[in-house]
Amino acid sequence: MLSVKNLSIEFSRYGSARRRTIIHPVRDLSLDIGDGEIVAVVGSSGSGKSLLAHAVLGLLPGNARTSGEILFKGTPLTSASMAALRGRAIALIPQSVAYLNPLSRVGRQVYRASRLSGKCRATAARSTDRAFARYRLDESVKSLFPFQVSGGMARRVLTATATAGDADLLIADEPTTGLDPVVARQSLSHLRELADLGKAVMLITHDIDAAVTVADRVAVIYAGTTVELTPARNFADGALRHPYSRALWNALPQQGFGFVPGNQPMEDDAVNGCIYLDRCPDRTGECRCAQPLRPVGKGHVRCCHAQG
Amino acid sequence: MLKAESVSFCYDNTPWILEGFDFGVGPGEVVGLPGPSGQGKSTLAKVLAGHLAPQQGAVTCDGRPLPEGVFSPVQLIFQHPELTMNPRWKLRDSVAEGHTPDAAAFKRLNIEPAWLSRYPHELSGGELQRLALARVMSPQTRYLIADEMTAMLDPNTQALVWDAVLHWAKANGVGILAISHDRHLLDRIAHRVDESFAPPGPTPPETTCRAAA
Amino acid sequence: MSTLARTPALAERLGITDGRGRAMWVLGLCLAYFATLLLAAAFMGDAGLSTDFPNKKLAPCFEFPFGTDWLGRDMLVRTVKGLCRSLGIGLLAATVSSVVSAALGTLSATMGKRTDAVVTTLIDLVMATPHLVLLILVSFACGGGATGVIIAVAVSHWTRLARIIRAEILQLKQAEFVMVSRKLGRSPWWIARRHMLPHIAPQFTIGLILLFPHAILHSAGLTFLGFGLSPHNPSIGILLSESMRHISTGYWWLAILPGLSLLVTVKLFDVLGNSLRVITDPKTSQE
């Protein structure tokens, strides 16, 4: 469905006064999502996860330069085709009701999302009803304003908005942040249902626990680079191959709550060799060479020590 | 002891968010406060830190009301550090607004000196949160209120930040109130978990909208 | 989405490939235009303003780019002098408005609920009165003439800016970084100086610049309607109202060229204000 190959994004930014610097928030990011699959994109804040979503939706600001390829159903995405697909074949599940129009009733907005995806009035009304039924939202919820729905209901409304238009690829940006565990689980189970209907879901999150429970595969992003792309069960099975993926998992409070000191490279640092070099406990001389993302076992890893 | 005694608070023309609420954190104690969002935990945090004045009741720190116009012994750390930094200031100035941390504090929080000469929009949330902590980890701080302090951070940074904060709190006898929806985290860090906001027994089915209530 | 074509090196070197570089250039060009206008008015002398019957009613030509009127006066000189006069009125109105709006906006946001209610009611009152009616009333009450126009324009344009300042201060008072600063022991005066002023100053400057076009247009409008400046001094309003008598007889340049100059001048102030916003807003200054 979606295939991102060696995506890099750079911005020119003003430092002091007129001096411009080039920053690389995303460097050589690759992943793919198949039909009926949830791929979780995990990483720290500032690792370029959200920029990936913006790049796929064609929402990068004007001063961004990209290289690499984004293929949707086998065809490369251009800025024109992204604008055409956005909201139709590719939909964003927003993070909070702050993304909805505060002055328009909820039912109206789901209907409008459906209309904007190119449906006629009757079909749009039907798919609005279907979306409301699917997420067990009462008929009366339609006449509420966004500020009147809270917690779990808000998540369902947002999911309904994104699914009223029959998109094939759904991008969920941090759908569990700030939610209590019950609501978070519900929100994730909706994503699972969508994937089971054959849709492709990109789940952007820093919540490893959630990602591992619901996703089929997980892409671990570090400083804008894919360091590992692996089946989700490898986390719990202890079969992770990149030291950073292992560090993330072991740092969970319910695991070891241990941490690796140090910081990811800054966006304007030049990186040759391995991107994780400074912090890696197992580094050797070989790590100074460029590290390609290579298939190991059932996944892909960017580490020269990883073995099948 | 940081104490809230029968505190009630509401915003203009809204129902009480906190009503006759009692709460306390001792020196050197780490108290966990779990519970679903929208129940007033963040309001309690702001009341305890003196950002909001309660309509009824009082907040006292070691027996005295919270002082005004001086460095407060009760400091609050928010979920979104980028909002707590003036976007037009270099981070060196933002940190110095609190106190000037020594190199050891920076090292413990894994803060790179290079960050200080940058602006807030050039750093990530995890980096900014550590600078926000460095700003308030002064000897004058007696109580730290962490309102979802690490909810936006990845597990590795979360563990790193809590390690530094707990180490500092222990060394200085600082009391901590940790507000989080992550039970596992609270079980790790807290000496005692306060259930005031947690639903009793098994979690009830999801409540409906506020308008219908 | 393959690698984007690299923009030509010249554009890169001039810095017009990004929003901020473009805004800088636009800003420079606007300022150059206003400087030219002022210099031209200073060096032109008054020769073109005296009657010169042999050269009356000439269409635009090389010697008289804007043509001449029925008394043989050089329309270019009259237009330039008229625009300068308008700029002067704009400056005066902007200065008065800035003082009034800064004072009222700050009072409203910092002195408690009752002051706020009084000031906001006053703002609403001034804003709710039809603008032109208010202008005419004030100008009439002040005895008309140049003084009348200046006073009328000055006392009727501060409302929008006062509102912006009030809203900005109220928002900043609630901003988390200001709350934190207070708890770090900073005094209200220190916070006002270090946190709030740097935020409000650019907003204020931009609001002020965007006030110019209004003031200029309204002074021209009042004069056009006959409430304003004396016909002996060149001013855009007078030029336009005089030209009304001649436009039907084919002397198009008497109306079109001064009118277009007014439009360009006003538009450039707008552009100037917006470029300044792009440069000073941290959100857009990076693009």
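Residues numbered from 1 in each chain as written. Chains lettered and ligands numbered in written order. Predicted model: local features only at pLDDT ≥ 70, side-chain atom pairs only at ≥ 80, totals over all residues. Heavy atoms only, no water.

A. The nonpolar core, seen in detail. With 69 residues, the main nonpolar core has Phe23(B), Leu131(B) and Trp162(B) as its most contacted residues. Here this core takes seven residues from helix α5 (residues 155–172) of chain B, the largest share from any one element. The residues contacting Phe23(B), other than those within four sequence positions of it, are Leu2(B), Lys3(B), Ala4(B), Val31(B), Leu33(B), Leu44(B), Leu48(B), Leu177(B) and Asp194(B). Residues Val149(A), Ala172(A), Val218(A) and Val227(A) belong to the second largest nonpolar core, which totals 57 residues. (Core = buried A, V, L, I, M, F, W, Y, C linked by side-chain atoms within 4.5 Å. Buried < 20%, exposed > 50% of the residue type's maximum accessible area, 1.4 Å probe, protein only. Helix = DSSP H or I, 4+ residues; strand = E, 2+ residues; numbered from the N terminus. Contact = heavy atoms within 4.5 Å.)

B. Representation of the packing of helix α9 (residues 188–224) of chain C against helix α10 (residues 236–247) of chain C within the structure. Residues and elements named next belong to chain C. Between α9 and α10, whose axes approach to 7 Å, the crossing angle comes to 40 degrees. With respect to their mutual orientation, α9 and α10 come out oblique. Two packed elements cross with a definite hand, and for α9 against α10 that hand is right-handed. Here α9 contributes Ala220, Thr223 and Phe224 to the contact with α10, which in turn contributes Gly237, Ile238, Leu240, Ser241 and Met244. Here the residues of the contact of α9 with α10 are counted per class, giving five nonpolar, three polar and no charged. (Axes fitted to C-alpha atoms, helices over the stretch in contact; angles between N-to-C directions. Parallel < 35°, antiparallel > 145°, perpendicular 65-115°, else oblique. Left-handed = near helix turned anticlockwise from the far one by under 90°. Nonpolar A, V, L, I, M, F, W, Y, C, P; charged D, E, K, R; others polar.)

C. Structural context of helix α3 (residues 106–116) of chain A. Along α3(A), the residues that are buried comprise Val106(A), Gly107(A), Gln109(A), Val110(A), Tyr111(A) and Ser114(A). Just downstream of α3(A), Gly118(A) is the residue with a positive phi angle, here 100 degrees.

D. Representation of the confidence of the model for chain B. All names here are of chain B. Predicted confidence across chain B gives a mean pLDDT of 87, with 93% of residues reaching 70 or more. For chain B, helix α3 (residues 103–108) is the element with the lowest average pLDDT, namely 88, and strand β8 (residues 175–179) is the one with the highest, namely 95. Under a pLDDT of 50 for its full length, residues 201–213 has, in the predicted model, 17 contacts with residues more than four places off or in other chains. Across the interfaces of the predicted complex, the ipTM metric reaches 0.86, alongside a pTM of 0.83. (pLDDT = per-residue confidence, 0-100.)

E. Region of interest: the packing of aromatic side chains. One pass over the full model with this rule turns up twelve aromatic pairs over all chains. The interplanar angle of 85 degrees and the centroid separation of 5.1 Å between the aromatic rings of Tyr222(A) and Tyr276(A) together place this pair among those described as edge-to-face. With Tyr222(A) in strand β9 (residues 217–222) and Tyr276(A) in the loop between α9 (243–250) and β11 (294–296), the pair connects residues that are 54 residues apart, well separated along the chain. Relative accessible area serves as the criterion here: at 1%, Tyr222(A) is assigned to the buried category. Geometrically, the ring pair formed by Phe212(C) and Phe269(C) is stacked, given 4.6 Å between the ring centres and 20 degrees between the ring planes. (Phe/Tyr/Trp six-rings, centres within 6.5 Å; stacked < 30°, edge-to-face > 60°.)

F. The interface of chain A and chain B, seen in detail. Taken together, the contact between chain A and chain B spans 41 residues of the former and 38 residues of the latter. For the pair chain A and chain B, the summed buried area comes to about 3300 Å², and 55% of that belongs to carbon and sulfur atoms. Two residues, Arg118(B) and Asp268(A), come together in a salt bridge whose shortest N-O distance is 3.1 Å. There are eleven residue pairs in polar contact (both at pLDDT 80 or more) connecting chain A and chain B. Partitioned by chemical class, the residues of the side of chain A that touches chain B number 19 nonpolar, 17 polar and five charged. (Buried area = accessible area lost by both parts, 1.4 Å probe. Salt bridge = Lys/Arg side-chain N within 4 Å of Asp/Glu carboxyl O. Polar contact = N/O pair within 3.5 Å; in protein donor to acceptor, adjacent residues only side chain to side chain.)

G. Local environment of the environment of Leu160(B). You can see Leu160(B) is positioned in helix α5. Classification of Leu160(B) by relative accessible area gives buried; the value is 1%. Non-local contacts of Leu160(B), meaning those with residues more than four positions away in its chain, are made with Phe259(A), Val260(A), Pro261(A), Gly262(A), Arg108(B), Leu109(B), Asn110(B) and Arg130(B).

H. A look at the packing of helix α3 (residues 75–110) of chain C against α10(C). All names here are of chain C. Between α3 and α10, whose axes approach to 8 Å, the crossing angle comes to 135 degrees. Comparing their axes, α10 and α3 come out oblique. Residues Met75, Arg78, Thr79, Gly82, Leu83 and Ser86 of α3 form the contact with α10, whose participating residues are Ile236, Leu239 and Glu242.

I. Highlighting the sheet that holds strand β5 (residues 64–65) of chain B. Residue and element names in this part refer to chain B. One open sheet holds the four strands; their spatial order is β2-β1-β4-β5, and the pairing between them is antiparallel. The sheet is open, and its two borders are formed by β2 (18–25) and β5, each paired with just one other strand. When strand β4 (residues 56–61) meets β5, the two strands line up antiparallel, connected through two bridges. By the bridge assignment for β5, Thr60 is matched with Pro65. Strand contacts of helix α1 (residues 41–48): β1 (2–9), β2 and β4, with the helix running at about 65 degrees to β2, the strand carrying the most contacts. (Pairing = 2+ DSSP bridges.)

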